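Structural overview for review
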Amino acid sequence: MALCSALSLGFTDALADGFEVGNVTYTIVSTSAVTAGKGTEAYDGSLVISSSVSNGGSSYQVVGITAKGFENCDGLSAVSLPEGVTTIGDYAFHGCSGLESVSFPSSVKSIGASAFYDCTSLSSVVIPSSV
């Protein structure tokens, strides 16, 4: 069984400023934007992040992946990021040993330090020219 523990320092802080939809935690960064990170359940297989989410009558555009957002989610095999994501935080997918592929949108402008460090199954990455 793949493990991806969401019980870490900072996770409860993220919940205070965010919400969870479809096993993805969204941290509010402005009145109309959020960043995505791991939810409370383990991941097994592919994950598709939506371009926008709603909560409490408000709609938010997903603009980034939180620093350490999906760290150590070893059951995660593929990630598809939506157009509109501009940043991937430091250590965002660090330790995702089962991660084989990532689909980057052309909107990505920056990839943080060690974002894919220790992703030992990652065989190919195509980074858009926008980075």
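Residues numbered from 1 in each chain as written. Predicted model: local features only at pLDDT ≥ 70, side-chain atom pairs only at ≥ 80, totals over all residues. Heavy atoms only, no water.

Quick look at the sheet that holds strand β9 (residues 101-103)
The strand order β4-β7-β9 describes an open sheet built from three strands, whose pairing is parallel. In this open sheet, the two edge strands, each paired with only one partner strand, are β4 (45-48) and β9. For this sheet, the mean inter-axis angle between neighbouring strands, taken without regard to orientation, is 20 degrees. Pairing between β4 and strand β7 (residues 76-80): four bridges, direction parallel. Each bridged residue has a counterpart across the sheet, and for L47 the counterpart in β7 is V79. (Pairing = 2+ DSSP bridges. Helix = DSSP H or I, 4+ residues; strand = E, 2+ residues; numbered from the N terminus. Axes fitted to C-alpha atoms, helices over the stretch in contact; angles between N-to-C directions.)

Some points on unusual backbone geometry
Backbone geometry places K68, a non-glycine residue, at a positive phi of 60 degrees. Inspection of the secondary structure puts K68 in the loop between β6 (58-65) and β7. Residue K68 is classed as partly exposed on the basis of its relative accessible area of 49%. Phi at Y91 is positive, roughly 60 degrees, even though this residue is not glycine. Here Y91 shows up in the loop between β8 (87-88) and β9. (Buried < 20%, exposed > 50% of the residue type's maximum accessible area, 1.4 Å probe, protein only.)

Section: the pairing of strand β3 (residues 33-38)
With six of six residues buried, β3 is to be regarded as a mostly interior element. Where strand β2 (residues 24-28) lies against β3, five bridges are found, and the strand directions are antiparallel. Considered in β3, the bridge of Y26 is made with A36. Between β2 and β3, which pair antiparallel and follow one another directly, the connecting turn spans four residues. Pairing of β3 with β6, which is carried by four bridges, proceeds in the parallel orientation. Note on β6: the bridge partner recorded for A33 is Q61.

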